[in-house]
Amino acid sequence: MGTDDDVMIDSLRKLKLADSGKDKEVAEKSLNHFIQVLTADGCDRSVVGKNLIGHGLLSEIRLLVESDVCVEKSAQTVAELAKSATVREECVNEGLVPLFVDYFPHEDLGICTQVCRALGNICYDNDVGRDAVDCCDGVEKLLQLLRKYYTEETNETLTKLRMMGCGCLLNLTNTNESLQEKALELDSLQILDEYIQRYGDDEDLCSMILLALSSLVDSDVGKLTAKSSNIPMSVVSLWQTRINSELDDAVLEFLANLAENDDIKVQLAQSELMNKLLNCINKNRDEKDDDAQQVVRLAADLVILLLTGDKSMEILYDNGKGLIFEETKKWLSCSHDHLKMSGALAMGNFARSDVHCIQLVKDGITEELLNLLKSIEGDAKSNVTLQHGALSALRNLSIPPVNKPVMVKSGALAHVLKLVDCDMTPVQFKLLGFIRMTIDGQEVAANHVGANENFLKHLVSWCKVESHAGVKGEANRLLAWLIKNSKSTEVMSLILKHGGLPHLVAMTSSEHQVMLNEALLALTLLSSCVLGSMANDMKELELIPSLMSLLSLEAYPSEIVFNTLMLVRLLLHSEVLTQVFMDVGLVESLQLLSQCEDSKVQAKVHEVLAITGPH
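Quick summary incoming for the structure in this document. (Residues numbered from 1 in each chain as written. Predicted model: local features only at pLDDT ≥ 70, side-chain atom pairs only at ≥ 80, totals over all residues. Heavy atoms only, no water.)

1. Description of the pattern of salt bridges
So the rule is basically this: Think of a salt bridge as a Lys or Arg side-chain nitrogen and an Asp or Glu carboxyl oxygen that are within 4 Å of each other. A helix here means a DSSP run of H or I that spans at least four residues, while a strand means a run of E at least two residues long, and both kinds are numbered starting from the N terminus. Each residue is assigned to one of three classes by its accessible area relative to the maximum for its type, calculated with a 1.4 Å probe on protein chains only: buried under 20%, partly exposed between the two thresholds, exposed over 50%.
According to the stated counting rule, one finds 21 salt bridges in the structure shown. For arginine 62, the salt bridge is made with glutamate 94, and the minimal N-O distance between the two is 2.9 Å. Of the two residues, arginine 62 is situated in helix H4 (residues 57-66) and glutamate 94 in the loop between helix H6 (85-93) and helix H7 (96-101); the sequence distance between them amounts to 32 residues. By relative accessible area, arginine 62 is classed as partly exposed at 23%.

Here is the structure:
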């Protein structure tokens, strides 16, 4: 054993002797030595702590605290020991938690401060410690302490106590939903709100309060409680009073956490927060240091988060006159990468109603988004989020029928098709969605896209993507939409040439009725134009059994059954497929279906039966 260890063990021996005789002075000297060692630069607390605990230090500390001797130094020693994760459960097992909780609140501020530190460190990332605190009503007693020292009096000792009390509350509740709810029931938000009101000038304390608040509102219950409290507006007011603040990051991260709740989004959208966010962004956007750029990112991200709520988005759009709308539109053409990306995301969020979309297209947003995409040509991989945002906005803008021809005329389709070689699935997903929306009802555009063999090769390959359900689904749907909207035998032949048929057949087994109908319509159009070139393939792909399963009004809506009958009627023009239908009992199924009450389906059944011949 080394010399330092010998000295510590000697101090522990003296502590034991002091404890037996209740010699406070000797005990305090020994504890001070342990604290000095544990706080020294380069100290390996886990090793030192394990050594001290192995020689009975925690037992001696428990005896001191039980005797109300050297409680402050005992708690301080435990606070230093518990910075090591391996020590925390040992402290719980020794029974120190209920002893420390009994000192909440206490007249001696030093004791209260160190007890908060000790319990806070024991509870850090340690549910065993949290449960132990909970078992002795520690949450309630800690909040009583915070209430007791909510006074106008302020000095260094009180400031430290408040800081440690809030830190203890943070470590006690962080990631522990049960204790978060208990603290919420005990009006913790009101207490912390009062602290913000009174001690708003103390940035270190406010930073700790914001961290504690973030823990408490982390759950849905927490956000609902916060919604009904004064906390959101108090934090906004706190930030409003500061020009250059160390609180920027903490406030923005806290508000972003709160703003996951749509009602709080509305509160924030209606507050003075918006002006502060824009001022903060404009003040920091040209600064070179990382901290300033982090603030810009957080502020812009919060703006986008607020725009994801329907009501808050309408407030910020304000009929196209909103300050946030005007500013985010300018971001599209600025030189700041994160703001450009945020501008694209903002436009996508504003474009969530037909009225907005029509106005945005009239205002020339399509051209700005295309310019944004053109500005990163050749550097697509490092700008995936920007591409994703711009394509998402373009997709939304292309939904209203009146916008589609305008989008086509703008050259948007031609430019987006240049992105076909992108291997990033988020970009592929939005690219496919934009093309599908834009060609709807636009025959010339659908023909242009469908005649692009390079694109068709990619499209068919994306129909097989298993790693991204969105890409696979959009690719399959676009395949069907190209057939429906082009109505071109040339496009249909190219789709067959590049292997599109198996995917359309697979869609007839989709659990989504929209996709089912789209597949039936596409296959019907194919069968009416190019049946001869694909009948054998349809047989091999086992389309017929899939269609037979759809001829049931008990399992499917009448629309799907009717569309299936439309397709079956065309397929019966192929001798190859007629034989397959007969072999699997088509006639019997039709005869059962002919008894249905739906007159439209019944009429189509009789048409199909007439083609199959006498029975």
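2. Focus on the side chain of serine 510
Mapped onto the fold, serine 510 is located in the loop between helix H34 (501-507) and helix H35 (513-530). The buried category is assigned to serine 510, whose relative accessible area is 16%.

3. Quick word on unusual backbone geometry
The phi dihedral of lysine 487 is positive, around 50 degrees, even though this residue is not glycine. Here lysine 487 is to be found in the loop between helix H32 (469-486) and helix H33 (489-497). Unlike most non-glycine residues, glutamate 542 shows phi in positive territory, near 55 degrees. Taking the relative accessible area as the measure of exposure, glutamate 542 reaches 55% and is therefore exposed.

4. Let's talk about the packing of aromatic side chains
What counts is decided by this rule: Side-chain rings of Phe, Tyr and Trp (the six-membered ring for Trp) are treated as a pair once their centres are within 6.5 Å; stacked means planes under 30 degrees apart, edge-to-face means over 60, and tilted covers the remaining angles. A ring is scored as having a charge over it whenever the NZ atom of a lysine or the CZ atom of an arginine sits within 6 Å of its centre and within 35 degrees of its normal.
Under the counting rule described, the total for this entry stands at 7 aromatic pairs. When the centroid spacing of 5.2 Å and the interplanar angle of 80 degrees are considered together, the rings of tyrosine 195 and tyrosine 199 count as edge-to-face. Here tyrosine 195 and its partner tyrosine 199 are both found in helix H13 (residues 188-199), 4 residues apart, which amounts to about one turn of the helix. Just as tyrosine 195 is buried, tyrosine 199 falls in that class too. Between phenylalanine 455 and tryptophan 462, the aromatic rings sit 6.5 Å apart at their centres with planes inclined by 75 degrees, giving edge-to-face as the arrangement. These aromatic residues form a ring-pair network of at least three members: Tyr150, Tyr195 and Tyr199. For the cation-ring pair, arginine 198 lies above tyrosine 150, with the distance from its terminal atom to the ring centre recorded as 4.3 Å.

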